[in-house]
Amino acid sequence: LLLDVPDTGRTLAFGLRWFALIGSNIPALARSRGRRLRASHYVVGGAPAMVAGYGRVRPSWRGGSRAGRGGHRHIQAAAQLYALLYPDGGHSLISLPGGGHWLVAAQRGTVLSQADRVFATLDEALREQELLRARRPGLPAQEAGEAWALLMQAADPAARLAVLSSRWGELPLAFRLFLAC
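As the structure is a computational prediction, the values presented were derived from the model and not from experiment.

Undergrad: Can you help me understand the pairing of strand β1 (residues 2-5) in this one?
TA: Successive side chains on a regular strand alternate, one facing one side of the sheet and the next facing the other. Residues Leu3 and Val5 point to one face of β1 and are all buried, whereas Leu2 and Asp4, pointing to the other face, are not buried. Alignment of β1 against strand β2 (residues 10-13), held across 4 bridges, turns out to be antiparallel. Each residue of the ladder has a partner; that of valine 5, found in β2, is arginine 10. Taken together, β1 and the strand that follows it, β2, pair antiparallel across an intervening segment of 4 residues, in which aspartate 7 is found at a positive phi of about 60°.

Next comes the structure, spelled out in structure tokens:
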């Protein structure tokens, strides 16, 4: 789910799929997993544990004037911003302006997997929040209104989604031209 933040030129992405990354070359691992998931965008975050969030933006967005490679809008992962805003951790259930409810959780500056989800109904969201509380009883609840206000103001380069290029796109231009000829 993408929501524009008024008067900022930023867009927040909700509901990314988050996975832990284990290895020495985190950027390469993140790109590789993203290709397997057929994602169009990704973000890497967390410390000391590393996680990556993946999402797919419809081609009309990616290729259009809003998010083309040249005039590319700032799309930021809302859950990563939340993790940066609450480095000690927490969870919130936030009502989104266009409808739906967003459940987010982070611990020690890292987004928890399965904790960046958008629900159509409040009942579904509350059930999932109770499961989260049962799994992580020590995780503090953060006030939803305050968290939303902070998200609307926050901007951090560490939360910006990067375009996931294909393996072909990562090859040097001269080599691609040589192969094409």
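Having put the structure on the table, let's press on.
Undergrad: Before we go on, may I ask you to explain the sheet that holds β2 in this structure?
TA: Strand pairing in a sheet relies on backbone hydrogen bonds, with the paired strands running either antiparallel or parallel. The strand order β1-β2-β6 describes an open sheet built from 3 strands, whose pairing is mixed. In the strand order of this sheet, the two ends are held by β1 and β6 (74-77), each with one partner. Mean inter-strand twist for the sheet, computed between neighbouring axes without regard to direction, equals 30°. The pairing of β2 with β6 spans 4 bridges and is classified as parallel. Following the sheet pairing, arginine 10 is matched in β6 by histidine 74. On the sheet, helix α3 (residues 78-85) packs against β2 and β6 and is oriented at approximately 60° with respect to β6.

Undergrad: Looking at this structure, I do not really get the sheet that holds strand β8 (residues 101-107). What am I missing?
TA: If you trace the 3 strands from one edge of the open sheet to the other, you get β7-β8-β9, paired in antiparallel fashion. Each edge of the open sheet is held by one strand with a lone partner, namely β7 (90-95) and β9 (110-119). Across the sheet, the axes of successive neighbouring strands diverge by a mean angle of 10°, strand direction being ignored. As defined by bridge partners, β7 adjoins β8 across 6 bridges and the pair is classed as antiparallel. If you follow isoleucine 94 over to β8, its bridge partner there is tryptophan 102. Set on the sheet, α3 makes contact with β7, β8 and β9; between it and β8 the angle comes to about 45°. Strand contacts of helix α4 (residues 122-135): β7, β8 and β9, with the helix running at about 175° to β7, the strand carrying the most contacts.

Undergrad: What am I meant to see in the side chain of aspartate 116 here?
TA: Structurally, the position occupied by aspartate 116 is in strand β9. Buried aspartate 116, no salt bridge; nearest opposite-charge side chain is arginine 117, N-O distance 8.7 Å. Of the polar contacts made by the side chain of aspartate 116, one reaches the side chain of tryptophan 18; its length is 2.9 Å. Apart from the residues lying within four places of it in its own chain, the contact partners of aspartate 116 are Phe14, Gly15, Leu16, Trp18, Ala79, Trp102 and Leu103.

Undergrad: Would you take a moment to explain α3 for this structure?
TA: Residue pairs spaced three or four apart in an α-helix point in one direction, given the helix's 3.6 residues per turn. Burial of α3 is extensive: 6 of the 8 residues sit out of reach of the surface. Taken together, the buried positions of α3 are occupied by Ala78, Ala79, Gln80, Leu81, Tyr82 and Ala83.

Undergrad: I keep staring at the environment of serine 113 and nothing clicks. Help me out?
TA: Residue placement: serine 113 occurs in strand β9. Taking the C-alpha atoms as reference points, serine 113 and alanine 20, separated by 93 residues in sequence, lie 7.7 Å from one another.

Undergrad: Looking at this structure, I do not really get the packing of aromatic side chains. What am I missing?
TA: The full count for this structure, using the stated rule, is 6 aromatic pairs. Between phenylalanine 14 and tryptophan 148, the aromatic rings sit 6.2 Å apart at their centres with planes inclined by 25°, giving stacked as the arrangement. Linking phenylalanine 14 in the loop between β2 and β3 (17-21) with tryptophan 148 in helix α5 (residues 144-153), this pair joins segments that are 134 residues apart in sequence. Owing to a relative accessible area of 2%, phenylalanine 14 belongs among the buried residues under this scheme. Feature note: the residues Phe14, Tyr82, Tyr86, Trp102 and Trp148 constitute an aromatic cluster, connected by ring pairs.

Calculation notes
- Residues numbered from 1 in each chain as written.
- Predicted model: local features only at pLDDT ≥ 70, side-chain atom pairs only at ≥ 80, totals over all residues.
- Heavy atoms only, no water.
- Buried < 20%, exposed > 50% of the residue type's maximum accessible area, 1.4 Å probe, protein only.
- Helix = DSSP H or I, 4+ residues; strand = E, 2+ residues; numbered from the N terminus.
- Pairing = 2+ DSSP bridges.
- Axes fitted to C-alpha atoms, helices over the stretch in contact; angles between N-to-C directions.
- Contact = heavy atoms within 4.5 Å.
- Lys, Arg positive; Asp, Glu negative; His and termini not counted.
- Salt bridge = Lys/Arg side-chain N within 4 Å of Asp/Glu carboxyl O.
- Polar contact = N/O pair within 3.5 Å; in protein donor to acceptor, adjacent residues only side chain to side chain.
- Phe/Tyr/Trp six-rings, centres within 6.5 Å; stacked < 30°, edge-to-face > 60°.

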